[in-house]
Amino acid sequence: MEAMANTVRGWQENPVKFARSHGVCLSPDTQECDSEKEKGIHILLVEGFLIYNYKPLLDIYDRCFYISLPYDECKRRRSTRTYTVPDPPGLFDGHVWPMYLKHRKEMESHCDKIEYLDGMTSKDDIYVHVFQSIQNALLNNS
């Protein structure tokens, strides 16, 4: 988690330089900029199920989204995954779900700026909601 926080901070210092140094292709408009910070809006999405449980990262985030699922749907989706090494019997009920509840409770006590999204809605609806939220934040900060 410390390495992730350092990586995000490196990106914050100069997103274009960071992207180039990590072999990430940039849009043509961004590549032509000459200023130190480089013109344009740069958005970094940080994804992971424990990213709100590490306090040093919480200060970095501008927006926080968390997609939640009820137990039955989460168990159903996990059962449809194909792993190289399959889950042993009872892993979901005995470990996965209890750890999810534990870490979610910790997350909720550390971060009050999380916007909870219903994982039962379509991926497209979630995408549109997050996109509009980020777009509104950018418009309100300009």
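Shown above is the structure to which this text applies.
In what follows, the accompanying structure is described. (Residues numbered from 1 in each chain as written. Predicted model: local features only at pLDDT ≥ 70, side-chain atom pairs only at ≥ 80, totals over all residues. Heavy atoms only, no water.)

1. Some words on the overall build of the chain
Here is the rule we go by: Note on conventions: DSSP H or I runs of at least 4 residues are helices, E runs of at least 2 residues are strands, and numbering of each starts at the N terminus. Radius of gyration: C-alpha atoms only; globule rule: 2.2 Å multiplied by the number of residues to the exponent 0.38. Think of it in three bands: residues with accessible area under 20% of the maximum for their type are buried, residues over 50% are exposed, and the middle band is partly exposed, with areas taken using a 1.4 Å probe on protein chains only. Residue contacts are defined here by distance: any two heavy atoms, one from each residue, within 4.5 Å place the two residues in contact. In this charge count, Lys and Arg are treated as positive and Asp and Glu as negative; neither His nor the chain ends contribute. Lys charges are placed at NZ, Arg charges at CZ, Asp charges at CG and Glu charges at CD.
Counting secondary structure elements, the chain contains 7 helices and 2 strands. For the chain, the α and β elements follow one another from N to C terminus as α-α-α-α-β-α-α-β-α. For the chain, the C-alpha radius of gyration of 18 Å lies well beyond 14 Å, the compact-globule estimate for 142 residues. Dimensions of the chain along its principal axes, counting C-alpha atoms only, are 55 × 35 × 30 Å. When the 142 residues of the chain are sorted by exposure, 27% land in the buried category. When contacts within the chain are restricted to residue pairs at least 6 apart in sequence, those whose partners lie at least 24 apart make up 62%. Distance from the positive charge centre (17 side chains) to the negative charge centre (21 side chains) of the chain: 4 Å.

2. Focus: the packing of aromatic side chains
Just so we agree on the cut-off: Think of it this way: a Phe, Tyr or Trp ring, Trp meaning its six-membered ring, pairs with another when their centres are within 6.5 Å, and the plane angle makes it stacked under 30 degrees, edge-to-face over 60, tilted otherwise.
Enumeration over the complete set of coordinates arrives at 7 aromatic pairs. Geometrically, the ring pair formed by Tyr-66 and Tyr-116 is edge-to-face, given 5.8 Å between the ring centres and 65° between the ring planes. Here Tyr-66, found in strand β1 (residues 64-68), pairs with Tyr-116, found in strand β2 (residues 114-118); they are 50 residues apart in sequence, far enough to count as distant. When the ring of Tyr-127 is compared with that of Phe-131, the centres are 6.0 Å apart and the planes differ by 20°; the resulting orientation is stacked. Of this pair, Tyr-127 and Phe-131 both sit in helix α7 (residues 123-141), 4 residues apart, roughly one helical turn. We classify Tyr-127 as exposed; its relative accessible area is 55%. Among the residues examined, Phe-131 registers a relative accessible area of 42% and is labelled partly exposed. Of the aromatic side chains, those joined through ring pairs into one cluster are Tyr-71, Phe-92, Trp-97 and Tyr-100.

3. Focus: the layout of surface pockets
Put simply, the test is: Throughout, the protein atoms alone are placed on a 1 Å grid, and a set of points is a cavity if a 1.4 Å probe fits but cannot get out or a pocket if it is open with protein on both sides within 12 Å along at least five of seven lines; lining residues have an atom within 4 Å of a point. Grid points are joined across faces, edges and corners, and a volume is the space filled by probe spheres set on the points.
Approximately 1,900 Å³ is the volume attributed to the largest pocket. What lines the largest pocket is a set of 47 residues, and nearest its centre among them are Val-46, Glu-47, Gly-48, Ile-51 and Phe-65. Put simply, the parts of the chain that give the lining of the largest pocket at least two residues each are α1 (2-13), β1, α5 (71-80), α6 (91-110) and α7. Looking at the lining of the largest pocket, the element that brings in the most residues is α7, giving 9 residues.

4. Some remarks on the nonpolar core
What counts, and what does not: In these notes, a set of buried Ala, Val, Leu, Ile, Met, Phe, Trp, Tyr and Cys residues joined through side-chain atoms within 4.5 Å is what counts as a nonpolar core.
Core analysis: the biggest nonpolar cluster contains 13 residues, and Tyr-52, Leu-57, Tyr-61, Cys-64 and Ile-114 have the highest contact counts within it. Only α1, α4 (55-58) and β1 provide two or more residues apiece to this core. Contacts of Cys-64, omitting those with residues within four sequence positions, involve Tyr-52, Cys-111, Lys-113, Ile-114 and Glu-115. Of all hydrophobic cores here, the second largest spans 5 residues; its members include Phe-65, Ile-126, Val-130 and Ile-134.

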